[in-house]
Amino acid sequence: MSGIKDLAEVISEDADIVIKEFEEKNIPDFSWSEDAPFAFPKVSPECYEAIQRISAAAVRIQRLATPPVNFLHMLHDKCYEIGAIKALMDLGVPYEIFLQNDISYEDLARIVRIDKDLLARYVRLAAAAGFLFEPRPGFVSHNVTSAIFMKDRRTAHALHWGFKEALITASEISESFKMDPTGRNPYCSAWSISHRERGEALETYWQRIERVPEDAKQYQSLMVATAKLEQYSMEHVISCFDWRLVNTVVDCGGCPGHVSMALADRFHHLKFVVQDLPQAVALARKSLPKRYKSRITFEHNDLFKSQRVTADAYFYRWIMHSWPDDLAREIMRAAAKAMNHGAKIFINEMLMDDVDWDCESIEMEARMTDIRMHALHMGRVRSMDEYIALVRTADKRFRFERKHCPPGSLLSVLEFTFIEFPPVDSAGTDGSLTPVQEDYD
Ligand SMILES: C[S@@+](CC[C@H](N)C(=O)[O-])C[C@H]1O[C@@H](n2cnc3c(N)ncnc32)[C@H](O)[C@@H]1O
């Protein structure tokens, strides 16, 4: 581990790389003011890596410069930070502040019906934590994060929902360990325990979303909002495969169908069936823009029931990570039921072996996704080999082809082909086994 001075030098050298590129390309400097863009500017891979190194070094410096007990205090106090920001969202505070304006605590307190001094105390903590801003004493305005609530309502609703769910769920992880120490029963997830209604049986996340229409709506917003982030962008799905090679695609667990819409925009010959649970399908049908109607259809299909649609390709984005191994295998077995020789399966997920372990922010994203998936669903983040083993033990007829991980993407795409009659001898392109595959044969 480098010392503070070495880390400071890394930051200084990498800052030079970033500043040089920003100046050359006329990119404005990073800013947290309310009119700053949500997304980072498009930069070269060298500049992107320099930004990642700066962020990693800054995290390490902060850790080195904080005594261990204080560090743990800071960590558990994050719960108050999150609780405070969530409470302000619950009160509707970020919706009551106009962009390019500030408002006095007095006026704001009257609108959201809470004591002025109490409101000011919570806003000041939130602002110190990076949400809202106090431009002058006694007044509050937006910064770049809180401005999202005025600029993009769909993303704001999804974020607000995320704050609520995370806070309740995280507190039940210990109880989930007690109920299912193997971590494989989706009915015993921290989420299920935290959402149990008095006297009612435990239900899974997906059962609840199906039962509560408001949650189903928020969930679809969350998925669409997440797909807007650079590292999860649809551009990576578009570039992961030569989509001219197929005509029909089943978007399994496709939610509002945003993956299909992105592909449909770029490849005009493609037709899609988006499958999901009944409530999700009903919502998606309503929100589908007219221009897609002849090419994208929706239907209810349970991931665990035999697939009925025969298509050239089956796309599973963010499906497998929500399930423990035995259930994930069942999903693959169900898919095989309708597949013809040569059909493709794509698994679009974060892979543990893609993680840059030298970059704290990327490691945290992977570790956090892994734990979030366990806490919500008893799912997990897997490595490429774990996925290949899982798919091939589900059905030997799936042949692993390759992994695509477009630059800048945090998700990979694993491509498999369904081979109806496995070749007897393994010569030639059709029958050849990749080294990884041989390990599982
Ligand atoms: C994490 S979301 C992924 C959505 C979309 N593929 C994306 O990338 O944004 C998982 C989806 O699986 C759907 N789902 C969950 N259980 C299902 C089941 N048993 N059968 C069909 N769909 C299911 C959910 O409704 C949800 O839309």
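Residues numbered from 1 in each chain as written. Predicted model: local features only at pLDDT ≥ 70, side-chain atom pairs only at ≥ 80, totals over all residues. Heavy atoms only, no water.

Looking up the protein in an unreviewed UniProt entry gives the name O-methyltransferase C-terminal domain-containing protein, with the organism given as Paecilomyces lecythidis. We quote the UniProt Sequence similarities (unreviewed entry) comment for the protein here in full: "Belongs to the class I-like SAM-binding methyltransferase superfamily. Cation-independent O-methyltransferase family." (UniProt positions renumbered as here; feature names shortened; annotations may be inferred.)

Draft legend 1. Fine view of the overall build of the protein. Secondary structure summary: the protein contains 19 helices and nine strands in total. A compact globule built from 441 residues would reach a C-alpha radius of gyration of about 22 Å, and the protein, at 24 Å, matches this within 12%. Residues counted as buried form 47% of the 441 residues belonging to the protein. Sequence separation of 24 or more characterises 66% of the internal contacts of the protein that already satisfy a separation of 6 or more. (Helix = DSSP H or I, 4+ residues; strand = E, 2+ residues; numbered from the N terminus. Rg over C-alpha atoms; globule rule 2.2 N^0.38 Å. Buried < 20%, exposed > 50% of the residue type's maximum accessible area, 1.4 Å probe, protein only. Contact = heavy atoms within 4.5 Å.)

Draft legend 2. Region of the structure containing the site of the ligand. As a matter of local geometry, the ligand sits amid 16 residues, with Tyr219, Gly253, His258, Asp276 and Arg317 nearest to it. One of the backbone nitrogen or oxygen atoms of leucine 303 is found 2.9 Å away from a nitrogen atom of the ligand. Within the backbone of arginine 317, one N or O atom sits 2.9 Å away from a nitrogen atom of the ligand. In isolation the ligand offers 590 Å² of accessible surface; the protein chains occlude 96% of this area. (Near = heavy atom within 4 Å. Polar contact = N/O pair within 3.5 Å; in protein donor to acceptor, adjacent residues only side chain to side chain. Areas by Shrake-Rupley, 256 points an atom, 1.4 Å probe, with all protein chains shown as cover.)

Draft legend 3. Region of the structure containing the packing of aromatic side chains. Overall, the coordinates contain 18 aromatic pairs when judged by the stated rule. Within the aromatic cluster, the residues linked to one another by ring pairs are Trp161, Trp191, Tyr205, Trp206 and Tyr219. Over the face of the ring belonging to phenylalanine 139 we find arginine 136, whose NZ or CZ atom lies 3.6 Å from the ring centre. In this arrangement the basic side chain of arginine 317 is found over the ring face of tryptophan 318, its NZ or CZ atom lying 4.5 Å from the centre. (Phe/Tyr/Trp six-rings, centres within 6.5 Å; stacked < 30°, edge-to-face > 60°. Lys NZ or Arg CZ within 6 Å of the ring centre and 35° of its normal.)

Draft legend 4. How the structure looks around helix 3 (residues 68-91). Given a rise of 1.5 Å per residue, 24 residues ought to cover 34 Å, and the 35 Å separating the end C-alpha atoms of helix 3 matches this to within 8%. For helix 3, the principal kink sits at histidine 76 and spans about 30°. Buried residues of helix 3: Ala84, Ile85, Lys86, Leu88 and Met89, and no others. On its buried side, helix 3 packs onto helix 5 (116-129), helix 6 (148-151) and helix 7 (153-170). Glycine 92 lies just past helix 3 and shows a positive phi near 85°. (Expected span 1.5 Å × (residues − 1). Bend = angle between axes of the 7 residues up to and from the residue.)

Draft legend 5. Representation of the pairing of strand 3 (residues 248-252). The element strand 3 is extensively covered by neighbouring structure, given that four of its five residues are classed as buried. At this point the chain moves from strand 3, through helix 13 (residues 258-266), to the parallel strand 4 (residues 271-276), and the crossover so formed is right-handed. Of the strand pairs in this sheet, strand 3 and strand 6 (residues 313-317) are connected by four bridges, and their pairing is parallel. Each residue of the ladder has a partner; that of aspartate 251, found in strand 6, is phenylalanine 315. (Right-handed = clockwise from strand over helix to strand, strands pointing away. Pairing = 2+ DSSP bridges.)

Draft legend 6. Spotlight on the sheet that holds strand 9 (residues 412-418). In spatial order, the strands read 5-4-3-6-7-9-8; together these seven strands make up an open sheet with mixed pairing. Looking along the sheet, the strands with just one partner apiece sit at the ends: strand 5 (296-300) and strand 8 (398-404). Strand-to-strand twist across the sheet, computed as the mean angle between neighbouring axes with direction ignored, equals 20°. Its contacts with the sheet put helix 14 (residues 278-287) on strand 4 and strand 5, and the angle it makes with strand 5 is roughly 155°. Lying over the sheet, helix 17 (residues 384-394) contacts strand 7 (344-349), strand 8 and strand 9, oriented at roughly 155° with respect to strand 8. (Axes fitted to C-alpha atoms, helices over the stretch in contact; angles between N-to-C directions.)

Draft legend 7. Up close: the pairing of strand 4. Most of strand 4 sits inside the fold, with five of its six residues counted as buried. By the bridge criterion, five bridges tie strand 3 to strand 4 in an arrangement that is parallel. Of the residues in strand 4, the one forming a bridge with threonine 248 is lysine 271. Bridging between strand 4 and strand 5 involves five bridges; their strand directions are parallel. Opposite glutamine 275, over in strand 5, you have glutamate 299 as the bridge partner. For the crossover from strand 4 across helix 14 to strand 5, the handedness is right-handed.

Draft legend 8. Examining a nonpolar patch on the surface more closely. Nonpolar side chains collect at one region of the surface, where Ile82, Leu167 and Ile168 lie side by side and expose about 200 Å² of accessible area between them. As for its placement among the helices and strands, leucine 167 is situated in helix 7. (Patch = residues over 30% accessible without salt bridge, like charges linked within 9 Å, V, L, I, M, F, W, Y side chains within 5 Å. Salt bridge = Lys/Arg side-chain N within 4 Å of Asp/Glu carboxyl O.)

Draft legend 9. Quick peek at the nonpolar core. Membership of the largest hydrophobic core comes to 56 residues, with the highest contact counts inside it found for Tyr314, Tyr316, Met332, Ile345, Ile347, Phe398 and Phe416. Setting aside its immediate chain neighbours within four residues, methionine 332 contacts Tyr316, Met320, Ile345, Ile347, Leu390, Val391, Ala394 and Phe398. Membership of the second largest hydrophobic core comes to 28 residues, among which are Trp243, Ala262, Leu288 and Ala313. (Core = buried A, V, L, I, M, F, W, Y, C linked by side-chain atoms within 4.5 Å.)

Draft legend 10. Fine view of the environment of glutamate 96. Within the fold, glutamate 96 resides in the loop between helix 3 and strand 1 (103-104). Remark: the alpha-carbon pair of glutamate 96 and tyrosine 205, spanning 109 residues in sequence, is separated by 32 Å. Not counting residues up to four positions away in its chain, the partners in contact with glutamate 96 are Ile103, Leu108, Ile111 and Val112.

Draft legend 11. Focus on the packing of helix 7 against helix 11 (residues 213-227). It is at 8 Å that the axes of helix 7 and helix 11 come closest, and there the two elements cross at 110°. The angle between helix 7 and helix 11 falls in the class roughly perpendicular. Crossing hand, helix 7 versus helix 11: left-handed. Seen from helix 7, the contacting residues are Arg154, Thr155, His157, Ala158 and Trp161; seen from helix 11, they are Asp215, Gln218, Tyr219, Ser221, Leu222, Val224 and Ala225. Class assignment for the residues of the contact of helix 7 with helix 11 results in six nonpolar, four polar and two charged. (Parallel < 35°, antiparallel > 145°, perpendicular 65-115°, else oblique. Left-handed = near helix turned anticlockwise from the far one by under 90°. Nonpolar A, V, L, I, M, F, W, Y, C, P; charged D, E, K, R; others polar.)

Draft legend 12. Region of interest: unusual backbone geometry. Positive phi outside glycine occurs at tryptophan 318, with the angle close to 55°. Among the structural elements, tryptophan 318 can be located in the loop between strand 6 and helix 15 (325-336). For tryptophan 318, a relative accessible area of 14% puts it in the buried group. In this structure, methionine 378 is a non-glycine residue whose phi angle is positive, near 70°.

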